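Here are the chains, one letter per residue:
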Amino acid sequence: MVLDEMEAQGVRPDTYVWCKGMDDWMQASEVPDICRYFRQRLSGTLPSQLNQGQVDHDRLKAAEEEEQERLLNQLPPMARDLVRKSGIKLTKENFPDPQQHFPKALPIILYVICLIVILIGFLIIK
């Protein structure tokens, strides 16, 4: 079996392996060729994974900062300065959905009530 195939089959440094010519099963990390393979794989992949993790962290932090600025811009200018100085992190929950507090039917209801009041006013005047 080729070393790449071993890794694809789930062989790890602590997996017991046996090859022709070996007296007994040994951990893969104790077999020189396999151990060398894993060291090369780690030296080739580990730095790129660490760099990718840093890139992901930087992207996440930039996205959080953008969201924070977008939320801050919803506040009046004086409040923005106070929130920035306080260090409070705003969330979407700090800004309730206007549709929850102002239903779509409310303007229609208010319009109908105004019409009724105007009609009653004309009837009383006559």
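Residues numbered from 1 in each chain as written. Predicted model: local features only at pLDDT ≥ 70, side-chain atom pairs only at ≥ 80, totals over all residues. Heavy atoms only, no water.

Asker: So what's going on with the overall build of the chain? Which residues, and what values?
Answerer: Across its full length, the chain carries five helices and two strands. Reading the secondary structure of the chain in the N-to-C direction produces α-β-β-α-α-α-α. By the burial criterion, 13% of the 126 residues in the chain qualify as buried. Sequence-distant contacts in the chain: of pairs separated by 6 or more residues, those separated by 24 or more amount to 20%. A total accessible area of about 10800 Å² is found for the chain, and carbon and sulfur atoms account for 62% of it. (Helix = DSSP H or I, 4+ residues; strand = E, 2+ residues; numbered from the N terminus. Buried < 20%, exposed > 50% of the residue type's maximum accessible area, 1.4 Å probe, protein only. Contact = heavy atoms within 4.5 Å. Areas by Shrake-Rupley, 256 points an atom, 1.4 Å probe, with all protein chains shown as cover.)

Asker: Mind laying out the pattern of salt bridges, listing which residues take part and the relevant values?
Answerer: The tally for this structure, following the rule as stated, stands at three salt bridges. The partner of Glu67 in a salt bridge is Arg70, and the shortest N-O contact between them spans 2.8 Å. You can see Glu67 and its partner Arg70 sitting in helix α2 (residues 32-72), three residues apart, about one turn around the helix. Accessibility expressed as a relative area gives 40% for Arg70, which makes it partly exposed. Between Glu69 and Arg84 there is a salt bridge, with the nearest N and O atoms lying 3.0 Å from each other. On the criterion of sequence distance, the pair formed by Glu69 in helix α2 and Arg84 in helix α3 (residues 77-86) is long-range, its members being 15 residues apart. Taking relative accessible area as the criterion, Glu69 reaches 36% and is therefore assigned partly exposed. (Salt bridge = Lys/Arg side-chain N within 4 Å of Asp/Glu carboxyl O.)

Asker: Describe the nonpolar core, listing the residues and the values that go with them.
Answerer: Met6, Val11, Val17, Met22, Ala28, Val31, Ile34, Tyr37 and Phe38 together form the largest nonpolar core, which totals nine residues. At three residues, α2 tops the list of elements feeding residues into this core. (Core = buried A, V, L, I, M, F, W, Y, C linked by side-chain atoms within 4.5 Å.)

Asker: Explain a nonpolar patch on the surface to me, using residue names and the numbers behind them.
Answerer: Where nonpolar side chains cluster on the molecular surface, the patch consists of Ile108, Tyr111, Val112, Leu115, Ile116, Ile120 and Ile124 and spans about 710 Å² of accessible area. Its location among the elements puts Ile108 in helix α5 (residues 106-125). (Patch = residues over 30% accessible without salt bridge, like charges linked within 9 Å, V, L, I, M, F, W, Y side chains within 5 Å.)

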